[in-house]
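# Coordinate analysis (summary)
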Amino acid sequence: ATALQEVPAVLETALDGAGLERIDALLIAHVDPRVEEQLAERLGARATRVLPRDHIYAYSASLPAALARAVRSGVVQPGETVAMVTAGQGASWGAAVVRI
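Just so you know, these numbers come straight off a predicted model, no measurement behind them. (Residues numbered from 1 in each chain as written. Predicted model: local features only at pLDDT ≥ 70, side-chain atom pairs only at ≥ 80, totals over all residues. Heavy atoms only, no water.)

Along an α-helix, residues three or four apart share an orientation, since each turn contains 3.6 residues. When helix α2 (residues 33–43) is considered as a whole, its buried residues turn out to be V35, E36, L39 and L43. With its buried residues spanning 105° around the axis, α2 presents them on a single face. Turned more than 90 degrees away from the buried face of α2 sit R34, E37 and E41, all of them exposed. On the buried face of α2, the contacting elements are α1 (2–18), β1 (23–30), β2 (47–50) and β3 (81–87). The N-terminus of α2 is capped by D32, whose side-chain oxygen sits 2.9 Å from the backbone nitrogen of R34. (Buried < 20%, exposed > 50% of the residue type's maximum accessible area, 1.4 Å probe, protein only. Helix = DSSP H or I, 4+ residues; strand = E, 2+ residues; numbered from the N terminus. Arc of directions from axis to C-beta. Contact = heavy atoms within 4.5 Å. Polar contact = N/O pair within 3.5 Å; in protein donor to acceptor, adjacent residues only side chain to side chain.)

Here is the structure:
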C-alpha cells in the first residue's frame, strides 16, 4: 500500500523539520484500520506511545477530532509533543508535529 511507503517518509520529514528525534505521542488516521495498525508498528519506535484508535475515519476531521478528545480526556498533557500522520484515498498523505 502507498501509505505504508509514504507515511513513514513524511513523518521523518516532519520530525526532522521540527528538530525532533522522538515525540510523546503519535496519532494515526487511515481509512483502513489494518493499515493504521501496520503504520503504528513501523512508526511507534519514534513515539513514547501510540494513541489508540478511538474514532471512525472521518477524512480531514479525523486527526483534529482525535487530538481534541485526547487533550480533553487527559491522555495528552500540556507540554507534550504529538505527531499526527494520515493517508487518504488516492495519493495523499501528510504529517504534522504540535506541542500541546
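Looking at the element boundaries, S62 is found in helix α3 (residues 62–73). For S62, the side chain forms a polar contact with the main-chain nitrogen of A58, separated by 2.6 Å. Non-local contacts of S62, meaning those with residues more than four positions away in its chain, are made with A29, H55, I56 and Y57.

As a further point, take the sheet that holds strand β4 (residues 93–99). Pairing in this open sheet of four strands is mixed, and the strands run β2-β1-β3-β4 from one edge to the other. The open sheet terminates on both sides in strands that have one partner only, identified here as β2 and β4. The sheet shows a mean angle of 25° between the axes of neighbouring strands, direction not considered. In the sheet, β3 pairs with β4 via seven bridges, with the strands oriented antiparallel. If you follow M84 over to β4, its bridge partner there is A96. Across the sheet, α1 is in contact with β1, β3 and β4; its angle to β4 comes to roughly 35°. Relative to the sheet, α2 contacts β1, β2 and β3, its axis offset from that of β1 by approximately 155°. (Pairing = 2+ DSSP bridges. Axes fitted to C-alpha atoms, helices over the stretch in contact; angles between N-to-C directions.)

Burial of β1 is extensive: seven of the eight residues sit out of reach of the surface. Pairing analysis gives three bridges linking β1 to β2, with the strands arranged parallel. Its bridge partner being in β2, A25 is matched across the sheet by R49. Traced from β1 through α2 to β2, the parallel crossover comes out right-handed. Examined bridge by bridge, β1 and β3 share six bridges and lie parallel to one another. Across the sheet, A25 pairs through a bridge with V82, a residue of β3. (Right-handed = clockwise from strand over helix to strand, strands pointing away.)

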